[in-house]
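Understanding the architecture of this molecule
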Amino acid sequence: MFRLSITFLLLCSAISCSKSTQQASAPLAEFTVELNRKNFKEWFAQCYPSHDELKWRLLGWEQHTAPGFRLAKASRKPLMLWLEDGHPLGGTSDHGRELRDTFGNLDLVPVLGKYVIAADDFNRAPKIIDSAQGELIVFTPGGKIIGRTSATDVPAVVEFLTTGLDSFASMSAEESGATISEDLLSGAFRTEDDFPDEGLSLEVFTRAANSLDINTIKRNPWNKDYIWFNSDEIKRFVKPIKISSKKSLATDLLGRIIDHGLLPPYVGAPSSWDHENTLESELIFSCNSIIKSRSTYLISGSAHYEQDGKVLNVQMRGTAMYDDSRDQFGLLEIIALAEYVDGDNAPQLFTTALRKVTSIDGWHRVPPKALSDYADAYYSVSGSGNPNK
(Lines give C-alpha, C1' and ligand atoms only; values in the text may rest on other atoms or scores of the structure.)
Protein backbone atom coordinates (compact mmCIF):
# COMPACT_ATOMS: atom_id res chain seq x y z
CA MET A 1 0.00 0.00 0.00
CA PHE A 2 1.55 3.25 -1.13
CA ARG A 3 1.82 6.25 1.15
CA LEU A 4 0.60 9.68 0.13
CA SER A 5 2.75 12.67 0.93
CA ILE A 6 1.19 16.09 1.02
CA THR A 7 4.31 17.44 -0.62
CA PHE A 8 3.68 15.22 -3.63
CA LEU A 9 -0.01 16.08 -3.74
CA LEU A 10 0.67 19.77 -3.55
CA LEU A 11 3.01 19.50 -6.50
CA CYS A 12 0.28 17.78 -8.51
CA SER A 13 -2.22 20.43 -7.44
CA ALA A 14 0.07 23.21 -8.53
CA ILE A 15 0.35 21.65 -12.01
CA SER A 16 -3.43 21.21 -12.41
CA CYS A 17 -4.59 24.47 -10.91
CA SER A 18 -2.76 27.40 -9.39
CA LYS A 19 -4.74 28.73 -6.44
CA SER A 20 -2.50 31.54 -5.34
CA THR A 21 0.58 33.46 -6.21
CA GLN A 22 1.75 33.38 -2.60
CA GLN A 23 4.74 31.09 -2.07
CA ALA A 24 5.74 29.29 1.09
CA SER A 25 8.72 30.95 2.72
CA ALA A 26 10.09 27.55 3.71
CA PRO A 27 9.66 23.94 2.54
CA LEU A 28 6.28 22.51 3.53
CA ALA A 29 6.29 20.25 6.55
CA GLU A 30 6.06 16.58 5.72
CA PHE A 31 2.58 15.23 6.43
CA THR A 32 2.37 11.61 5.38
CA VAL A 33 -0.63 9.38 5.95
CA GLU A 34 -2.02 6.23 4.38
CA LEU A 35 -5.25 7.45 2.84
CA ASN A 36 -6.17 6.17 -0.58
CA ARG A 37 -8.93 4.77 -2.73
CA LYS A 38 -8.53 1.29 -1.26
CA ASN A 39 -8.78 2.16 2.43
CA PHE A 40 -11.27 5.06 2.19
CA LYS A 41 -14.21 2.93 3.39
CA GLU A 42 -12.18 1.61 6.32
CA TRP A 43 -11.27 5.14 7.39
CA PHE A 44 -14.85 6.35 6.98
CA ALA A 45 -16.20 3.52 9.13
CA GLN A 46 -13.56 4.30 11.75
CA CYS A 47 -14.59 7.94 12.05
CA TYR A 48 -18.35 7.82 11.46
CA PRO A 49 -20.23 6.86 14.66
CA SER A 50 -21.12 3.19 14.87
CA HIS A 51 -24.51 1.76 15.68
CA ASP A 52 -23.32 0.94 19.21
CA GLU A 53 -22.09 4.52 19.75
CA LEU A 54 -25.49 5.93 18.90
CA LYS A 55 -27.80 3.29 20.35
CA TRP A 56 -28.82 5.68 23.15
CA ARG A 57 -30.70 7.63 20.49
CA LEU A 58 -33.10 4.69 20.15
CA LEU A 59 -34.66 5.41 23.55
CA GLY A 60 -37.41 7.50 21.95
CA TRP A 61 -36.30 11.10 22.45
CA GLU A 62 -38.59 13.95 21.54
CA GLN A 63 -36.24 16.32 19.73
CA HIS A 64 -37.55 19.52 21.31
CA THR A 65 -39.18 20.81 24.48
CA ALA A 66 -42.69 21.63 23.21
CA PRO A 67 -43.57 18.20 21.76
CA GLY A 68 -42.16 16.67 24.93
CA PHE A 69 -44.66 18.56 27.09
CA ARG A 70 -47.52 17.72 24.76
CA LEU A 71 -46.71 14.02 24.82
CA ALA A 72 -46.29 14.09 28.61
CA LYS A 73 -49.83 15.50 28.91
CA ALA A 74 -51.28 12.92 26.52
CA SER A 75 -49.54 9.99 28.22
CA ARG A 76 -49.96 11.30 31.80
CA LYS A 77 -46.27 10.85 32.52
CA PRO A 78 -43.62 13.23 33.88
CA LEU A 79 -41.25 14.79 31.38
CA MET A 80 -37.50 14.35 31.68
CA LEU A 81 -35.84 17.11 29.65
CA TRP A 82 -32.15 16.86 28.74
CA LEU A 83 -30.65 20.30 28.13
CA GLU A 84 -27.19 21.13 26.84
CA ASP A 85 -25.22 23.96 25.26
CA GLY A 86 -25.74 22.58 21.77
CA HIS A 87 -28.38 19.95 21.08
CA PRO A 88 -27.69 16.70 22.97
CA LEU A 89 -28.48 14.65 19.87
CA GLY A 90 -26.08 16.65 17.70
CA GLY A 91 -23.14 18.97 18.42
CA THR A 92 -22.97 19.42 22.17
CA SER A 93 -20.80 20.00 25.24
CA ASP A 94 -18.46 17.74 27.20
CA HIS A 95 -21.25 17.28 29.75
CA GLY A 96 -23.57 16.18 26.95
CA ARG A 97 -21.05 13.64 25.65
CA GLU A 98 -20.73 12.17 29.15
CA LEU A 99 -24.49 11.78 29.40
CA ARG A 100 -24.56 10.04 26.02
CA ASP A 101 -22.46 7.28 27.52
CA THR A 102 -24.72 7.21 30.56
CA PHE A 103 -27.90 6.82 28.52
CA GLY A 104 -26.31 3.93 26.66
CA ASN A 105 -26.30 1.95 29.92
CA LEU A 106 -29.07 -0.65 30.06
CA ASP A 107 -29.64 0.01 33.79
CA LEU A 108 -31.43 3.23 32.83
CA VAL A 109 -33.92 1.68 30.43
CA PRO A 110 -36.56 0.54 33.00
CA VAL A 111 -36.81 3.90 34.75
CA LEU A 112 -36.63 5.94 31.52
CA GLY A 113 -39.59 3.97 30.20
CA LYS A 114 -41.78 5.59 32.85
CA TYR A 115 -41.01 9.07 31.52
CA VAL A 116 -41.54 11.02 28.37
CA ILE A 117 -37.98 11.95 27.45
CA ALA A 118 -36.98 14.98 25.39
CA ALA A 119 -33.74 16.75 24.50
CA ASP A 120 -33.07 20.35 23.55
CA ASP A 121 -30.44 23.06 23.19
CA PHE A 122 -31.04 25.51 26.04
CA ASN A 123 -30.01 28.36 23.74
CA ARG A 124 -33.00 27.58 21.50
CA ALA A 125 -35.51 26.29 24.03
CA PRO A 126 -38.85 28.02 24.73
CA LYS A 127 -39.30 30.71 27.35
CA ILE A 128 -40.30 28.29 30.12
CA ILE A 129 -36.74 26.94 30.19
CA ASP A 130 -34.44 28.78 32.57
CA SER A 131 -31.15 26.96 32.19
CA ALA A 132 -27.59 27.92 31.33
CA GLN A 133 -25.82 24.62 31.90
CA GLY A 134 -26.05 21.00 30.89
CA GLU A 135 -28.58 19.28 33.10
CA LEU A 136 -31.58 16.99 33.42
CA ILE A 137 -34.87 18.50 34.58
CA VAL A 138 -38.01 16.57 35.54
CA PHE A 139 -41.28 18.43 34.91
CA THR A 140 -44.94 17.71 35.45
CA PRO A 141 -46.98 17.93 32.22
CA GLY A 142 -48.12 21.33 33.50
CA GLY A 143 -44.58 22.72 33.66
CA LYS A 144 -43.83 22.44 37.38
CA ILE A 145 -40.21 21.47 38.10
CA ILE A 146 -39.96 18.31 40.21
CA GLY A 147 -36.17 18.17 40.27
CA ARG A 148 -32.97 18.94 38.36
CA THR A 149 -29.42 17.58 38.32
CA SER A 150 -26.17 17.99 36.44
CA ALA A 151 -24.94 14.53 37.46
CA THR A 152 -23.65 12.25 34.71
CA ASP A 153 -22.78 8.96 36.44
CA VAL A 154 -25.27 6.11 36.09
CA PRO A 155 -26.10 5.53 39.81
CA ALA A 156 -26.76 9.24 40.43
CA VAL A 157 -28.96 9.58 37.36
CA VAL A 158 -30.94 6.43 38.26
CA GLU A 159 -31.49 7.77 41.79
CA PHE A 160 -32.54 11.18 40.46
CA LEU A 161 -35.07 9.69 38.05
CA THR A 162 -36.45 7.27 40.65
CA THR A 163 -36.94 10.10 43.13
CA GLY A 164 -38.69 12.12 40.44
CA LEU A 165 -41.14 9.30 39.78
CA ASP A 166 -41.91 8.98 43.49
CA SER A 167 -42.57 12.72 43.75
CA PHE A 168 -44.82 12.68 40.69
CA ALA A 169 -46.80 9.70 42.05
CA SER A 170 -47.43 11.52 45.34
CA MET A 171 -49.01 14.55 43.65
CA SER A 172 -52.71 15.14 43.46
CA ALA A 173 -54.52 14.34 40.22
CA GLU A 174 -55.10 18.04 39.68
CA GLU A 175 -51.41 18.89 40.06
CA SER A 176 -50.03 16.00 38.03
CA GLY A 177 -52.64 16.39 35.30
CA ALA A 178 -52.35 20.14 34.75
CA THR A 179 -51.75 21.41 31.20
CA ILE A 180 -48.96 23.80 30.34
CA SER A 181 -49.85 27.05 28.61
CA GLU A 182 -48.87 27.05 24.94
CA ASP A 183 -47.60 30.60 25.43
CA LEU A 184 -44.83 29.21 27.65
CA LEU A 185 -43.74 26.94 24.84
CA SER A 186 -43.24 29.78 22.37
CA GLY A 187 -39.95 31.39 21.46
CA ALA A 188 -38.20 28.16 20.52
CA PHE A 189 -36.05 27.66 17.45
CA ARG A 190 -35.73 24.13 16.14
CA THR A 191 -32.36 22.85 15.00
CA GLU A 192 -33.97 21.55 11.81
CA ASP A 193 -35.00 25.09 10.93
CA ASP A 194 -31.36 25.80 10.14
CA PHE A 195 -31.82 23.85 6.91
CA PRO A 196 -33.90 25.41 4.11
CA ASP A 197 -36.07 23.16 1.97
CA GLU A 198 -33.59 22.94 -0.88
CA GLY A 199 -29.86 22.44 -0.58
CA LEU A 200 -27.12 20.08 0.45
CA SER A 201 -26.69 19.35 4.15
CA LEU A 202 -23.50 17.60 5.24
CA GLU A 203 -23.34 16.11 8.71
CA VAL A 204 -19.83 16.32 10.12
CA PHE A 205 -18.31 14.01 12.74
CA THR A 206 -14.84 14.96 14.03
CA ARG A 207 -12.69 12.98 16.47
CA ALA A 208 -9.36 13.77 18.09
CA ALA A 209 -6.90 11.06 17.05
CA ASN A 210 -3.98 9.45 18.82
CA SER A 211 -2.46 8.62 15.43
CA LEU A 212 -3.31 8.66 11.74
CA ASP A 213 -2.43 5.00 11.26
CA ILE A 214 -5.56 2.93 10.61
CA ASN A 215 -4.00 0.02 12.51
CA THR A 216 -3.29 1.92 15.74
CA ILE A 217 -5.93 4.67 15.88
CA LYS A 218 -8.29 4.65 18.87
CA ARG A 219 -11.99 5.50 18.72
CA ASN A 220 -12.27 8.77 20.67
CA PRO A 221 -15.52 10.68 21.37
CA TRP A 222 -16.96 12.62 18.45
CA ASN A 223 -18.08 16.22 17.93
CA LYS A 224 -20.90 16.84 15.47
CA ASP A 225 -21.68 19.80 13.23
CA TYR A 226 -23.38 20.59 9.94
CA ILE A 227 -22.38 22.36 6.74
CA TRP A 228 -25.07 23.56 4.34
CA PHE A 229 -24.87 24.56 0.67
CA ASN A 230 -27.76 26.12 -1.24
CA SER A 231 -29.18 24.73 -4.50
CA ASP A 232 -27.08 26.99 -6.72
CA GLU A 233 -23.89 26.05 -4.88
CA ILE A 234 -24.60 22.33 -5.34
CA LYS A 235 -24.37 22.72 -9.11
CA ARG A 236 -20.88 24.18 -8.78
CA PHE A 237 -19.54 20.95 -7.26
CA VAL A 238 -19.52 18.85 -10.43
CA LYS A 239 -21.01 20.71 -13.40
CA PRO A 240 -20.47 20.58 -16.32
CA ILE A 241 -20.68 16.78 -16.07
CA LYS A 242 -18.35 14.90 -18.42
CA ILE A 243 -16.92 11.41 -18.23
CA SER A 244 -13.31 11.41 -17.01
CA SER A 245 -13.58 15.11 -16.13
CA LYS A 246 -11.81 16.50 -13.06
CA LYS A 247 -13.59 19.36 -11.38
CA SER A 248 -11.74 21.32 -8.69
CA LEU A 249 -14.09 22.57 -5.98
CA ALA A 250 -14.28 26.35 -5.85
CA THR A 251 -12.22 28.07 -3.16
CA ASP A 252 -15.23 29.47 -1.30
CA LEU A 253 -16.99 26.08 -1.12
CA LEU A 254 -13.87 24.22 -0.03
CA GLY A 255 -13.22 26.96 2.50
CA ARG A 256 -16.56 26.31 4.12
CA ILE A 257 -15.67 22.65 4.59
CA ILE A 258 -12.25 23.52 6.01
CA ASP A 259 -13.56 26.21 8.38
CA HIS A 260 -16.63 24.43 9.69
CA GLY A 261 -15.87 20.76 9.39
CA LEU A 262 -12.34 19.69 10.21
CA LEU A 263 -11.44 21.00 13.66
CA PRO A 264 -13.60 21.09 16.82
CA PRO A 265 -14.06 24.55 18.38
CA TYR A 266 -12.01 23.82 21.49
CA VAL A 267 -8.65 23.65 19.66
CA GLY A 268 -8.59 27.44 19.18
CA ALA A 269 -7.93 27.40 15.44
CA PRO A 270 -8.78 30.46 13.33
CA SER A 271 -12.53 30.72 12.80
CA SER A 272 -11.78 31.37 9.14
CA TRP A 273 -8.56 30.51 7.34
CA ASP A 274 -7.30 32.82 4.60
CA HIS A 275 -8.47 30.72 1.66
CA GLU A 276 -7.62 33.23 -1.04
CA ASN A 277 -3.97 33.28 0.01
CA THR A 278 -3.60 29.64 0.94
CA LEU A 279 -0.30 28.02 0.05
CA GLU A 280 -2.18 25.28 -1.82
CA SER A 281 -5.58 23.72 -1.36
CA GLU A 282 -7.66 21.59 -3.69
CA LEU A 283 -10.49 19.06 -3.64
CA ILE A 284 -11.06 17.31 -6.96
CA PHE A 285 -14.20 15.46 -8.11
CA SER A 286 -13.16 12.94 -10.79
CA CYS A 287 -16.10 11.56 -12.83
CA ASN A 288 -15.65 7.84 -13.42
CA SER A 289 -19.10 6.81 -14.74
CA ILE A 290 -22.31 8.26 -16.15
CA ILE A 291 -25.47 6.14 -16.36
CA LYS A 292 -28.47 8.12 -17.62
CA SER A 293 -28.84 11.07 -15.22
CA ARG A 294 -26.54 9.67 -12.54
CA SER A 295 -22.81 10.29 -12.45
CA THR A 296 -20.34 8.90 -9.92
CA TYR A 297 -17.14 10.46 -8.60
CA LEU A 298 -13.94 9.68 -6.81
CA ILE A 299 -12.89 12.56 -4.57
CA SER A 300 -9.32 13.41 -3.57
CA GLY A 301 -7.58 16.46 -2.25
CA SER A 302 -5.20 18.10 0.17
CA ALA A 303 -4.82 21.41 1.92
CA HIS A 304 -2.05 23.34 3.65
CA TYR A 305 -2.60 26.57 5.57
CA GLU A 306 -0.23 28.76 7.58
CA GLN A 307 -1.79 31.66 9.45
CA ASP A 308 -0.83 33.57 12.61
CA GLY A 309 1.72 30.95 13.61
CA LYS A 310 -0.77 28.12 13.15
CA VAL A 311 -0.55 25.36 10.57
CA LEU A 312 -3.21 23.03 9.19
CA ASN A 313 -2.39 20.06 6.94
CA VAL A 314 -5.22 17.98 5.51
CA GLN A 315 -5.67 15.02 3.19
CA MET A 316 -9.10 14.04 1.88
CA ARG A 317 -10.71 11.15 0.03
CA GLY A 318 -14.31 10.44 -0.83
CA THR A 319 -16.98 9.18 -3.17
CA ALA A 320 -20.15 10.72 -4.59
CA MET A 321 -23.15 10.07 -6.81
CA TYR A 322 -24.88 13.03 -8.45
CA ASP A 323 -28.40 12.91 -9.94
CA ASP A 324 -28.49 15.48 -12.73
CA SER A 325 -32.28 15.20 -13.12
CA ARG A 326 -32.71 16.46 -9.55
CA ASP A 327 -29.57 18.61 -9.30
CA GLN A 328 -28.79 16.84 -6.05
CA PHE A 329 -26.25 14.43 -4.60
CA GLY A 330 -27.69 11.03 -3.83
CA LEU A 331 -24.53 10.10 -1.99
CA LEU A 332 -21.59 12.18 -0.81
CA GLU A 333 -19.05 10.87 1.69
CA ILE A 334 -15.65 12.37 2.50
CA ILE A 335 -13.00 11.41 5.04
CA ALA A 336 -10.43 14.02 6.07
CA LEU A 337 -7.28 13.40 8.09
CA ALA A 338 -5.85 16.55 9.61
CA GLU A 339 -2.79 17.73 11.51
CA TYR A 340 -3.06 21.03 13.39
CA VAL A 341 -0.02 22.78 14.87
CA ASP A 342 -0.26 25.87 17.07
CA GLY A 343 3.15 27.51 17.39
CA ASP A 344 5.68 25.32 19.19
CA ASN A 345 3.01 23.02 20.66
CA ALA A 346 2.86 19.37 19.72
CA PRO A 347 0.73 18.56 16.63
CA GLN A 348 -2.90 17.65 17.22
CA LEU A 349 -4.44 15.00 14.98
CA PHE A 350 -8.08 14.72 13.88
CA THR A 351 -10.25 12.53 11.69
CA THR A 352 -13.45 13.85 10.13
CA ALA A 353 -16.26 12.05 8.33
CA LEU A 354 -18.58 14.21 6.21
CA ARG A 355 -21.74 12.67 4.83
CA LYS A 356 -24.74 13.98 2.92
CA VAL A 357 -27.94 13.93 4.96
CA THR A 358 -30.47 12.21 2.70
CA SER A 359 -34.23 12.50 2.52
CA ILE A 360 -34.65 9.31 4.55
CA ASP A 361 -32.57 10.65 7.43
CA GLY A 362 -33.65 12.38 10.56
CA TRP A 363 -31.01 15.00 11.34
CA HIS A 364 -30.09 12.95 14.41
CA ARG A 365 -30.48 9.51 12.83
CA VAL A 366 -28.98 6.31 14.14
CA PRO A 367 -26.89 4.67 11.41
CA PRO A 368 -27.57 1.10 10.36
CA LYS A 369 -25.01 -1.47 11.38
CA ALA A 370 -23.61 -1.62 7.85
CA LEU A 371 -22.51 1.68 6.29
CA SER A 372 -23.27 0.26 2.82
CA ASP A 373 -26.97 0.39 3.76
CA TYR A 374 -26.84 4.15 3.18
CA ALA A 375 -26.42 3.86 -0.56
CA ASP A 376 -28.94 1.03 -0.85
CA ALA A 377 -31.54 3.00 1.07
CA TYR A 378 -31.13 6.06 -1.13
CA TYR A 379 -32.22 4.26 -4.25
CA SER A 380 -35.50 3.22 -2.59
CA VAL A 381 -36.78 6.80 -2.26
CA SER A 382 -36.89 10.04 -4.21
CA GLY A 383 -35.31 12.72 -2.05
CA SER A 384 -35.98 16.43 -1.93
CA GLY A 385 -32.64 17.45 -0.46
CA ASN A 386 -34.43 18.56 2.72
CA PRO A 387 -32.92 16.75 5.72
CA ASN A 388 -36.20 17.21 7.61
CA LYS A 389 -38.36 15.17 5.23
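Here we summarise the structure given alongside this text.

**Let's talk about the overall build of the chain**
In terms of helices and strands, the chain carries 10 helices and 14 strands. In the chain, which comprises 389 residues, the proportion classed as buried is 52%. Sequence-distant contacts, at least 24 apart, represent 71% of the contacts inside the chain between residues at least 6 apart. As displayed, the chain has an accessible area near 17,400 Å², and 51% of this comes from carbon and sulfur atoms.

**Focus on the pattern of salt bridges**
Evaluated as defined, the whole model comprises 14 salt bridges. Arg70 is the salt-bridge partner of Glu182, the closest N and O atoms lying 2.8 Å from each other. In this pair, Glu182 is assigned in the loop between helix H7 (173-176) and strand E7 (200-209) and Arg70 in helix H3 (residues 65-75), connecting sequence segments 112 residues apart. Given the relative accessible area of 45%, Glu182 is considered partly exposed. A salt bridge links Asp324 to Lys239; the shortest N-O distance between them is 3.1 Å. With Asp324 in the loop between strand E12 (310-323) and strand E13 (328-342) and Lys239 in the loop between helix H8 (231-238) and strand E9 (246-248), this pair connects stretches of sequence that are 85 residues apart. Under the relative-accessibility criterion, Asp324 is labelled partly exposed at 34%. Classification of Lys239 as partly exposed rests on a relative accessible area of 27%. Because the salt bridges share partners, they merge into one network encompassing Glu53, Arg207 and Arg219.

What counts as what
Residues numbered from 1 in each chain as written. Predicted model: local features only at pLDDT ≥ 70, side-chain atom pairs only at ≥ 80, totals over all residues. Heavy atoms only, no water. Helix = DSSP H or I, 4+ residues; strand = E, 2+ residues; numbered from the N terminus. Buried < 20%, exposed > 50% of the residue type's maximum accessible area, 1.4 Å probe, protein only. Contact = heavy atoms within 4.5 Å. Areas by Shrake-Rupley, 256 points an atom, 1.4 Å probe, with all protein chains shown as cover. Salt bridge = Lys/Arg side-chain N within 4 Å of Asp/Glu carboxyl O.

Nothing here speaks to function; it is geometry throughout.
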